[in-house]
Amino acid sequence: MTSSSPADLSADHSPVLYTADFLFTGMGGAQSPGGVVVSRGTVAATGHPDLLRQNYPQAQEIAVGGVIAPPPVNAHTHLDMSAYGFQALPYFRWIPEVVVAQKELRGVTAAQIGADTLAALRQPVGDIVWDPAVLEALLPREDLSGVLYLEVLGPKPEQAQERFGRLREEIDRYRRLERPSGLRLGVSPHATYTVSAPLLRLVSDYAAGEGLPMQIHVAEHPSELELFATGAGPLWEHRIPGLSPENFAEVIGRVPEPDLTPVRYLDELGVLHRRPTLVHMVNVTDEDIVRVAQAGCAVVTCPRSNQHLECGRFRWSDFAAAGIEIALGTDSVASGETLDARDELAFAQALYPQMDPRLLLRAAVKGGARVLGLKVPTIRRGEPWRKEYLWSGPA
Ligand SMILES: [Zn+2]
């Protein structure tokens, strides 16, 4: 090990061979172990360390350990909550004791703090925006890429036209702030149970027609399954009085039944075929996974948030086996603890010891880029070397 920083070494003219436990170049699958030869600030070669040592005997080798890859993507977060303190609590305590209790901290200032964090990490973002003022603050930033999804709520069917009209106005207003290579606008109907069936249809049809990316929270807590099966349970009991209809059947425009799941509901409503990105997807049936695969929807999993709020565990290997694109998100710092997608990946690797870690790494980088509609970043010969490709620097 050397005390020189990677920047010092790339200024030197002798080539450097960085070796790591994992390499993902953005092309093909991830490899283990892997290495990159850097010469005069440019990538000269990537591949297995043995081959690189053979081809570049003059290169100075630096074992960086960990990962060499383009920065991962944080595909789902709530940046406007970045000033919140983190607290792990069961879901139905976390909402009042953390989200509501700290609501004064939510807003534009917090969103800028979160955006600064991700910009410094060079991680693209998929952010759920609750207050349009956040769009005004973040859209002009040139140091971020990804999607800002403007959130819409409205469980009462009679609100659908008004809420939809307001959403369209906001999108029209803020689209002029989009930059060609900067952040893009998207929409996010909040969840299957907080947006009425007619509003969900209006928003998803609009998003499909306008080419707007869409995210929706689905099947986060086990009680969401219970709600669609019975029309009752803790999720319904904890709703804010007055804001929802008397009966859950009014929200979804049909009678709950034992085999009805949030995913089947979205499918039969015609929303799934608009290909929204489905966030969480923890509490699902085998049939749900088939429906998602058939519709071609991608999924974002937030393992730390799901674990901290006791929502359950995403069935990663079953979704992967069905060929579904999977990305990683941190959710807000209030449940995910940090905004660094590398932390989320490390947690996922510990949570899924039976999964090939190379698949998880690929999901964090390539899955995230695909979900946000970004070009998949690559590390390839002839391109500039960037220090953020080393996920942990030399000691
Ligand atoms: Zn969320």
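Description of the structure in this document. Worth saying up front: this structure is predicted, and the values here are computed from it rather than measured.

What counts, and at which threshold
Residues numbered from 1 in each chain as written. Predicted model: local features only at pLDDT ≥ 70, side-chain atom pairs only at ≥ 80, totals over all residues. Heavy atoms only, no water. Helix = DSSP H or I, 4+ residues; strand = E, 2+ residues; numbered from the N terminus. Rg over C-alpha atoms; globule rule 2.2 N^0.38 Å. Buried < 20%, exposed > 50% of the residue type's maximum accessible area, 1.4 Å probe, protein only. Contact = heavy atoms within 4.5 Å. Lys, Arg positive; Asp, Glu negative; His and termini not counted. Charge placed at Lys NZ, Arg CZ, Asp CG, Glu CD. Expected span 1.5 Å × (residues − 1). Arc of directions from axis to C-beta. Salt bridge = Lys/Arg side-chain N within 4 Å of Asp/Glu carboxyl O. Donors = N, O, S within 2.8 Å, 3.2 Å for Na, K, Ca; no water. Tetrahedral: all angles 85-135°; square planar, octahedral: opposite > 155°, others 65-115°. Pairing = 2+ DSSP bridges. Axes fitted to C-alpha atoms, helices over the stretch in contact; angles between N-to-C directions.

Overview of the overall build of the protein chain
Assigned secondary structure in the protein chain consists of 17 helices and 14 strands. Its C-alpha radius of gyration of 22 Å places the protein chain within 12% of the 21 Å reference for a compact globule of 395 residues. By its C-alpha atoms, the protein chain is 75 × 40 × 40 Å across when sized along the principal axes. Here the protein chain, with 395 residues, has 55% of them falling under the buried criterion. Nonlocal contacts in the protein chain, meaning residues at least 24 apart in sequence, comprise 72% of its contacts between residues at least 6 apart. If you average the places of the 36 positive and of the 47 negative side-chain charges in the protein chain, the two averages end up 6 Å apart.

Focus: helix α6 (residues 160-174)
For α6, with 15 residues, the first-to-last C-alpha span of 21 Å sits near the 21 Å given by 1.5 Å per residue. For α6, the set of buried residues is Ala 160, Phe 164, Leu 167, Glu 170, Ile 171 and Tyr 174. The arc enclosing the buried residues of α6, seen along the axis, measures out at 125 degrees, which places them on a common side. For α6, the exposed residues lying more than 90 degrees away from the buried face are Gln 161, Glu 169 and Asp 172. Each element contacted by the buried residues of α6 is listed here: α5 (132-138), β9 (146-152), β10 (184-189) and α7 (197-210).

Some remarks on the pattern of salt bridges
Taken as a whole, this structure holds 28 salt bridges when the rule is applied. Salt-bridge contacts for Arg 291 lead to Asp 267; the nearest nitrogen and oxygen are separated by 2.7 Å. With Arg 291 in helix α12 (residues 286-295) and Asp 267 in helix α11 (residues 262-269), this pair connects stretches of sequence that are 24 residues apart. Between Arg 362 and Glu 325 there is a salt bridge; the shortest N-O distance is 3.9 Å. Residue Arg 362 is located in helix α17 (residues 357-371), and its partner Glu 325 is located in the loop between α14 (316-321) and β14 (326-328); the two are separated by 37 residues in the primary sequence. Residues joined in a network through salt bridges with shared partners are Arg 254, Glu 257, Arg 264, Asp 267, Glu 268, Glu 287 and Arg 291.

Here we look at the coordination of the zinc ion
Tetrahedral coordination by four donors places them ideally at 109.5 degrees to one another around the metal; octahedral coordination by six donors ideally gives 90 or 180 degrees. Here the zinc ion is held by the protein donor atoms His 76 (NE2), His 78 (NE2), His 217 (NE2) and Asp 331 (OD), which lie 2.1 to 2.5 Å from it. Angles of 85 to 163 degrees at the metal separate the four donor atoms of the zinc ion, which places the site in the irregular class. For the zinc ion, the single-chain donor residues occur in sequence as H-x1-H-x138-H-x113-D. Taken as a pair, His 78 in the loop between β7 (74-77) and α3 (91-100) and His 217 in strand β11 (residues 215-218) lie far apart in primary sequence, 139 residues in all. Taking relative accessible area as the criterion, His 78 reaches 9% and is therefore assigned buried. For His 217, a relative accessible area of 8% corresponds to the buried category.

Details of the sheet that holds β9
The strand order β7-β8-β9-β10 describes an open sheet built from four strands, whose pairing is parallel. The strands lining the two open edges of the sheet, one partner per strand, are β7 and β10. Between one strand axis and the next, the sheet turns by 25 degrees as a mean value, whatever way the strands run. Where strand β8 (residues 125-129) and β9 come together, five bridges link them in parallel fashion. Residue pairing for β9: Gly 126 is matched across the bridge by Val 147.

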